[in-house]
Amino acid sequence: MTRRQVLVFRELPADQLARLQAVHEVTVANPRKPEQRDAFFAALPAAQGLIGSSYPIDAGILAQAASLQVVSSISVGIDNYDTAELQRRGIMLCHTPGVLTETTADTIFALVIATSRRLIELATHLRDGHWTRNIDESLFGWDVHGKRLGIVGFGRIGQALARRAALGFGMPVLYHNTREVALPELAGKARHVGLEQLLAEADIVVLTLPLTENTRGLIDAEKLSAMKPGAILVNGSRGAIVDEAALLASLDAGHLRAAGLDVFAVEPLPLDSPLRRHPRVTALPHIGSATHETRHAMAVLATSNLLQALAGERPAAVAVG
Ligand code: DGY
């Protein structure tokens, strides 16, 4: 097989890099690192395959990638890619669904518990030396079990979250999705409803839907004010789905009780963002899939996708093409 030019734009584990190097000419250059930026742009015109994540592969980048045949993203989300341009050029885009579902659902459920039970706030209270007598009511949290969970977007991750909530914590689940999903194990425990009803009835609203032009800014001031007073919002999908200024205003006005956020409109979250220090925001640095096991599984799937596509085979997980 002809050795192809592969550009790795975010570090791969050594074993996966070796799989690529065994059959192709590989350049590793992460454009987010100032010292590797020039090497990335120098390798781009000859690259036939790209593999990486967390960097926008937009029309400007694609215009410089004249030889490109396939892009393999080490992510399930594909909002960093100009899919229309990829389609127009006949460039395949692969991604990594499935392997991160359970881990991401774990992270989101951790945020449900952390916000309801005020875990970070109370751990900080202890760490800062304030636990000098039994805590009083002002530091109590709110139950998670039995609360009504609203899941906006009911793909793999939303369904995994519903199983945790309904089967593990006795939570009635409402979900909003483009179509009803029949899951025998959740029969009678998860109900397909309109977004308006979900927002009005859920105690905790979780977002697990992809970022598209239809979902950008979906949770705006109006939707936030349609949520139950004292409800909690958890976002484990993409930050740009929520109007962050409106979210802060709702928290400050005392309408929403708390927010748990793993994703932000701008990442890394700017140092001066009020979301960093807000007392009722639990903010995580986009760790949805960030475990050793899952990040490795994602790298294996992305590497296999790229190798298969460059060999002329149909990869397991094609998003475009
Ligand atoms: C994904 O896979 O899309 C996760 O959010 C990591 O970027």
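Residues numbered from 1 in each chain as written. Predicted model: local features only at pLDDT ≥ 70, side-chain atom pairs only at ≥ 80, totals over all residues. Heavy atoms only, no water.

## Quick look at the sheet that holds strand S2 (residues 25-28)
(1) Moving on: The 6 strands lie next to each other as S2-S1-S3-S4-S5-S13, forming an open sheet whose pairing is mixed. Edge strands, defined here as strands with exactly one partner in the open sheet, are S2 and strand S13 (318-320). Across the sheet, the mean angle from the axis of one strand to that of its neighbour is 25°, orientation sign disregarded.
(2) Moving on: Across 2 bridges, the pairing between strand S5 (residues 92-94) and S13 is antiparallel. What sits directly across from Leu93, in S13, is Val320. (Pairing = 2+ DSSP bridges. Helix = DSSP H or I, 4+ residues; strand = E, 2+ residues; numbered from the N terminus. Axes fitted to C-alpha atoms, helices over the stretch in contact; angles between N-to-C directions.)

## Concerning the site of the ligand
(1) Moving on: The full set of residues close to the ligand is Ser75, Val76, Gly77, Leu100, Arg238, His286 and Met298.
(2) Moving on: The separation between an oxygen atom of the ligand and a polar main-chain atom of Gly77 is 2.8 Å.
(3) Moving on: The separation between an oxygen atom of the ligand and a polar side-chain atom of Arg238 is 2.7 Å.
(4) Moving on: Notes on the ligand: free accessible area 230 Å², of which the protein chains cover 83%. (Near = heavy atom within 4 Å. Polar contact = N/O pair within 3.5 Å; in protein donor to acceptor, adjacent residues only side chain to side chain. Areas by Shrake-Rupley, 256 points an atom, 1.4 Å probe, with all protein chains shown as cover.)

## Looking at the packing of aromatic side chains
(1) Moving on: Summed over the entire model, instances satisfying the criterion amount to 5 aromatic pairs.
(2) Moving on: For the ring pair Phe40 and Tyr55, a centre distance of 5.8 Å and an interplane angle of 70° mean the geometry is edge-to-face. Taken together, the positions of Phe40 in helix H2 (residues 34-43) and Tyr55 in the loop between strand S3 (49-52) and helix H3 (59-63) put the pair 15 residues apart, joining distant regions of the chain. Just as Phe40 is buried, Tyr55 falls in that class too.
(3) Moving on: On the basis of an interplanar angle of 50° and a centroid distance of 4.7 Å, the ring pair of Phe109 and Phe169 is categorised as tilted. With a gap of 60 residues between them, Phe109 in helix H5 (residues 101-117) and Phe169 in helix H7 (residues 156-169) connect regions that are remote in the sequence.
(4) Moving on: On the basis of relative accessibility, which here comes to 31%, the residue Phe169 falls in the partly exposed class. (Phe/Tyr/Trp six-rings, centres within 6.5 Å; stacked < 30°, edge-to-face > 60°. Buried < 20%, exposed > 50% of the residue type's maximum accessible area, 1.4 Å probe, protein only.)

## Some thoughts on unusual backbone geometry
(1) Moving on: The omega torsion across Glu267 and Pro268 is -10°, close enough to zero to call that bond cis.
(2) Moving on: The phi dihedral of Arg118 is positive, around 55°, even though this residue is not glycine.
(3) Moving on: Assessed through its relative accessible area of 14%, Arg118 is described here as buried.
(4) Moving on: In this model, His286 sits at a positive phi of 45°, which is unusual for a non-glycine residue.
(5) Moving on: Here His286 shows up in the loop between strand S12 (281-283) and helix H11 (292-310).

## Comments concerning the domain arrangement of the protein chain
(1) Moving on: For the protein chain, the assigned domains are domain 1 (5-98 + 293-320) and domain 2 (101-283).
(2) Moving on: On a C-alpha basis, the centroid separation for the pair domain 1 and domain 2 is 32 Å.
(3) Moving on: At the junction of the two partners, domain 1 supplies 5 residues and domain 2 supplies 5 residues.
(4) Moving on: Carbon and sulfur atoms make up 42% of the surface buried where domain 1 meets domain 2, a total of about 510 Å² over both sides.
(5) Moving on: Considering only the surface of domain 1 that becomes buried against domain 2, Asp79, Gly98 and Thr294 emerge as the three largest contributors, covering 68% of it.
(6) Moving on: For the pair domain 1 and domain 2, the number of links is 1 salt bridge.
(7) Moving on: Close ionic contact of Asp79 with Arg238 constitutes a salt bridge, the shortest N to O distance being 2.9 Å. (Domains from an automatic or database assignment. Contact = heavy atoms within 4.5 Å. Buried area = accessible area lost by both parts, 1.4 Å probe. Salt bridge = Lys/Arg side-chain N within 4 Å of Asp/Glu carboxyl O.)

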